[in-house]
Amino acid sequence: MTDPSPDAARMRAILVLVAAIAFAVAPVFSPSFSGFDPADFPNPTPPVPLQPAGWAFSIWGLIYLALVAWAVYGLARRAADPAWDAPRWPLFASLVLGAPWLAVANAAPLPAAVLILAMLGGAVAALARARGLTPLAAAPVGLLAG
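Definitions and cut-offs
Residues numbered from 1 in each chain as written. Predicted model: local features only at pLDDT ≥ 70, side-chain atom pairs only at ≥ 80, totals over all residues. Heavy atoms only, no water. Core = buried A, V, L, I, M, F, W, Y, C linked by side-chain atoms within 4.5 Å. Buried < 20%, exposed > 50% of the residue type's maximum accessible area, 1.4 Å probe, protein only. Helix = DSSP H or I, 4+ residues; strand = E, 2+ residues; numbered from the N terminus. Contact = heavy atoms within 4.5 Å. Expected span 1.5 Å × (residues − 1). Arc of directions from axis to C-beta. 1 Å grid on protein atoms, 1.4 Å probe; cavity = no way out; pocket = protein on both sides within 12 Å on 5 of 7 lines; lining within 4 Å. Points joined across faces, edges and corners; volume = space filled by probe spheres on them. Polar contact = N/O pair within 3.5 Å; in protein donor to acceptor, adjacent residues only side chain to side chain.

1. Observations concerning the nonpolar core
Moving on, step 1. Counting 25 residues, the largest nonpolar core has Phe23, Leu67, Trp70, Leu91, Leu95, Leu133 and Leu144 as its most contacted members.
Moving on, step 2. Looking at this core, the elements that each hand over two or more residues are helix H1 (6-25), helix H2 (59-77), helix H4 (88-98), helix H6 (109-129) and helix H7 (135-145).
Moving on, step 3. Among residues more than four places away in sequence, those in contact with tryptophan 70 are Val16, Trp84, Pro87, Arg88, Leu91, Leu133, Ala137, Pro140 and Val141.

2. Thoughts on H2
Moving on, step 1. With 19 residues, H2 ought to run about 27 Å at 1.5 Å a step, and its terminal C-alpha atoms sit 26 Å apart, in line with that.
Moving on, step 2. For H2, the set of buried residues is Ile63, Tyr64, Ala66, Leu67, Trp70, Ala71, Gly74 and Leu75. The buried residues of H2 occupy an angular sector of 165° when the element is viewed end-on, so they sit on one face. What points out from H2, more than 90 degrees from its buried face, is the exposed set Leu65, Ala76 and Arg77.
Moving on, step 3. On its buried face, H2 sits against H1, helix H3 (82-85), H4 and H7.

3. Describing the environment of alanine 83
Moving on, step 1. Within the element layout of this structure, alanine 83 appears in helix H3.
Moving on, step 2. Along the chain, alanine 83 and glycine 132 lie 49 residues apart, while their C-alpha atoms are 5.0 Å from each other.
Moving on, step 3. Look past the residues within four positions of alanine 83 in its chain and what remains in contact with it is Arg129, Gly132 and Leu133.

4. A closer look at the layout of surface pockets
Moving on, step 1. For the largest pocket, the calculated volume is near 740 Å³.
Moving on, step 2. Lining the largest pocket we find 28 residues, and of these Phe57, Trp60, Trp101, Leu102 and Ile116 sit closest to its centre.
Moving on, step 3. Those elements that provide at least two residues to the lining of the largest pocket are H2, H4, helix H5 (101-107), H6 and H7.

5. Concerning the environment of leucine 120
Moving on, step 1. Tracing the sequence through the fold places leucine 120 in helix H6.
Moving on, step 2. In this structure leucine 120 comes out as partly exposed when scored by relative accessible area, which is 39%.
Moving on, step 3. Taking the C-alpha atoms as reference points, leucine 120 and leucine 144, separated by 24 residues in sequence, lie 8.2 Å from one another.

6. Some points on the side chain of arginine 88
Moving on, step 1. If you trace the backbone, arginine 88 turns up in helix H4.
Moving on, step 2. Among the residues examined, arginine 88 registers a relative accessible area of 1% and is labelled buried.
Moving on, step 3. Looking at arginine 88, its side chain comes within polar contact range of the main-chain oxygen of arginine 78, at 3.1 Å.
Moving on, step 4. Those residues in contact with arginine 88 that sit more than four places away from it in its chain are Ala9, Arg12, Ala13, Val16, Trp70, Gly74, Leu75, Arg78 and Ala79.

Structure, rendered in structure tokens:
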């Protein structure tokens, strides 16, 4: 249950903004992640032809920008709005877990898989709580959950 006070809602809005910025800039501080070498798996597999092209991952630029814009607007114009406040805690959790994901993924696949599933849980919970927002206002959260 979220605290209905405007000050608490504003603090959550600030935390989401900080987390969104951290999430967006984290790739700058992490080595590039290009997947795992199939030869490193316990049962090596041949390369899968379904691997997305590198340019397909450019969608993350849009996701980062949309989340930061959502957080800025949410803090500046909707800090105490209950509809905007509802998804903040699960979104915050997803962003905080997502910020170190590239670094973790470069180090170990199993913790990275656990981390991304937890991140997904937070993003889906945030999207479920964003029902009171217009589709356009919920879109950044939906992009992350997708």
